[in-house]
Amino acid sequence: MAIERTFSIIKPDAVRKGVIGGCLAKIEEAGLKIVATKMIHMSQRQAEAFYAVHKKRPFYGELVEFMTSGPVVVSILEGDNAIAKYREVMGATNPAEAKEGTIRKAYGTNIGENAVHGSDAPETAADETGFFFGTAEVHQY
Ligand code: ATP
Ligand code: MG
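Presented here is a report on the structure given in the accompanying data block. Computed from a predicted structure; not experimentally measured.

## Comments concerning the site of ligand 1
Taken together, 14 residues lie around ligand 1, and Lys-11, Thr-93, Gly-112, Asn-114 and His-117 are the ones closest in. Arg-87 places a side-chain nitrogen or oxygen 3.0 Å from an oxygen atom of ligand 1. Contact between ligand 1 and Asn-114: an oxygen atom at 2.9 Å from a side-chain N or O atom of the residue. Relative to its free-state accessible area of 580 Å², ligand 1 is covered by the protein chains to the extent of 82%. Residue assignment for the shell around ligand 1 shows that the elements contributing at least two residues are α5 (82-90) and β4 (116-118). Here the residues of the shell around ligand 1 sort into five nonpolar, six polar and three charged.

This is the structure we're talking about:
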């Protein structure tokens, strides 16, 4: 399997619950390496652009409002098959349907406030990473 990078957001609900560490622990336990990370508070404009693919969905307004409701932790994760592996660690979009041991099962509240985001393909991973990070912010260890 090739070494890949993916982009992660620990969403405002998880930050408010005080489980940044819990989310990062599950990421590291899965063998994913955190090669860049920072806390930011997304602007309305950033959140609208980030979720532009969902613009037509009925929950878009609510989603943008939620994602700007408090700080988030954005990270770049690296590892074998990182994109699919992180989606597995996150669990189903709806925490009620997420498997035991996943981040969303442990820390998600509902289908909207579901603790984390992870890229779904190599193209989105590259785009989303570029949106929040410059190359100088990525580290190797
Ligand atoms: P993410 O893109 O955040 O990693 P995902 O790929 O599992 O999650 P998407 O279908 O891309 O799910 O939806 C993006 C986000 O929009 C979800 O994570 C959730 O926060 C929100 N969302 C999705 N479906 C709903 C819904 N039915 N009602 C409210 N919010 C929703
Ligand atoms: Mg998605």
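## Observations regarding the pattern of salt bridges
This model, assessed by the stated rule, comprises two salt bridges. Between Arg-5 and Glu-78 there is a salt bridge, with the nearest N and O atoms lying 2.9 Å from each other. Taken together, the residues Arg-5 in strand β1 (residues 3-10) and Glu-78 in strand β3 (residues 72-80) connect sequence positions 73 residues apart. Residue classification places Glu-78 among the buried residues on the basis of a relative accessible area of 13%. A salt bridge links Lys-38 to Glu-137, with the nearest nitrogen and oxygen atoms 2.8 Å apart. Linking Lys-38 in strand β2 (residues 33-40) with Glu-137 in the segment after α7 (122-132), this pair joins segments that are 99 residues apart in sequence.

## A closer look at the packing of aromatic side chains
With the rule as written, the count across this model stands at seven aromatic pairs. When the centroid spacing of 5.6 Å and the interplanar angle of 55° are considered together, the rings of Phe-50 and Phe-132 count as tilted. With Phe-50 in helix α3 (residues 44-50) and Phe-132 in helix α7, this pair connects stretches of sequence that are 82 residues apart. Across this residue pair, the class does not change: Phe-50 and Phe-132 are buried. We note Lys-33 situated over the ring of Tyr-141; from NZ or CZ to the ring centre the distance is 4.7 Å. Taking the ring centre of Phe-133 as reference, the NZ or CZ of Lys-38 above it sits at 4.6 Å.

Here is what the cut-offs are and how they apply
- Residues numbered from 1 in each chain as written.
- Chains lettered and ligands numbered in written order.
- Predicted model: local features only at pLDDT ≥ 70, side-chain atom pairs only at ≥ 80, totals over all residues.
- Heavy atoms only, no water.
- Near = heavy atom within 4 Å.
- Polar contact = N/O pair within 3.5 Å; in protein donor to acceptor, adjacent residues only side chain to side chain.
- Areas by Shrake-Rupley, 256 points an atom, 1.4 Å probe, with all protein chains shown as cover.
- Helix = DSSP H or I, 4+ residues; strand = E, 2+ residues; numbered from the N terminus.
- Nonpolar A, V, L, I, M, F, W, Y, C, P; charged D, E, K, R; others polar.
- Salt bridge = Lys/Arg side-chain N within 4 Å of Asp/Glu carboxyl O.
- Buried < 20%, exposed > 50% of the residue type's maximum accessible area, 1.4 Å probe, protein only.
- Phe/Tyr/Trp six-rings, centres within 6.5 Å; stacked < 30°, edge-to-face > 60°.
- Lys NZ or Arg CZ within 6 Å of the ring centre and 35° of its normal.

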